[in-house]
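Per-entry structural report
Read off the chains here:
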Amino acid sequence: MACIHIYCGNGKGKTSAALGLAVRAAGRGKRVLIVRFLKTEDSGEVSILRRIPGITVTPCDHEFGFTFQMGVEEKAEAAKYYRQRFEEACHEAVSCGYDILILDEILAACSSSMVREEDVINFLKNPPAHLEIVLTGRNPSRQLLEMADYVSEIRMEKHPYQKGLPARKGIEY
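The structure reproduced in this document is the subject of the present report. (Residues numbered from 1 in each chain as written. Predicted model: local features only at pLDDT ≥ 70, side-chain atom pairs only at ≥ 80, totals over all residues. Heavy atoms only, no water.)

What to know about the pairing of strand 2 (residues 32–36)
Of all the five residues making up strand 2, five are buried; the element is thus mostly covered by neighbouring parts of the structure. Sheet analysis places strand 2 next to strand 3 (residues 55–57), joined by three bridges and oriented parallel. Counterpart to V32 in the pairing with strand 3 is I55. Considered for its hand, the β-α-β crossover made up of strand 2, helix 2 (residues 44–49) and strand 3 is right-handed. Note: strand 2 against strand 4 (residues 100–104), five bridges, orientation parallel. The partner of R36 across the bridge, within strand 4, is D104. (Buried < 20%, exposed > 50% of the residue type's maximum accessible area, 1.4 Å probe, protein only. Helix = DSSP H or I, 4+ residues; strand = E, 2+ residues; numbered from the N terminus. Pairing = 2+ DSSP bridges. Right-handed = clockwise from strand over helix to strand, strands pointing away.)

The following block contains the structure:
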């Protein structure tokens, strides 16, 4: 039986936890599809993950910036792009027989209305029996939490941002 995983919380490490699972699974011969939402190609893990046999990272071929900085038209364009991205991810994971589907920052995409949570829930209600699904991000809804088999909350106790240290290449991205 495949399970649903949620890595959530306000702490650093949600994506890192999901990617650690991807590497472990690939090391055991499983096929992993990683689809990122609300992110750019400029993240240190992307190029190395693409070199690992068994791991596919779909490109972020359109970047929009932060949702809170978008105008109405840009939000509508971004929502259309991310909804299509989600649909394509589900189709590819199922039709190509992946063992694990990682939807990185899908929870933020839902909470910012870039992806409809109902669409995510509908997919999770009846996934292929072999497909392990990982959701990352902040503030999952009660319904998503109840659907999950694993829920890991990563809580921030302390972070260099609080001292004004900006995101660092190779550490935060």
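Focus on helix 3 (residues 72–95)
Taking 1.5 Å of rise per residue, the 24 residues of helix 3 would be expected to cover 34 Å, and the 34 Å separating its terminal C-alpha atoms lies within 8% of that figure. Of the positions making up helix 3, those classed as buried are A78, A79, Y81, Y82, R85, F86, A89, C90 and A93. One or two residues past the end of helix 3 sits G97, with phi positive at roughly 70 degrees. (Expected span 1.5 Å × (residues − 1).)

This is a description of form; function is not addressed.
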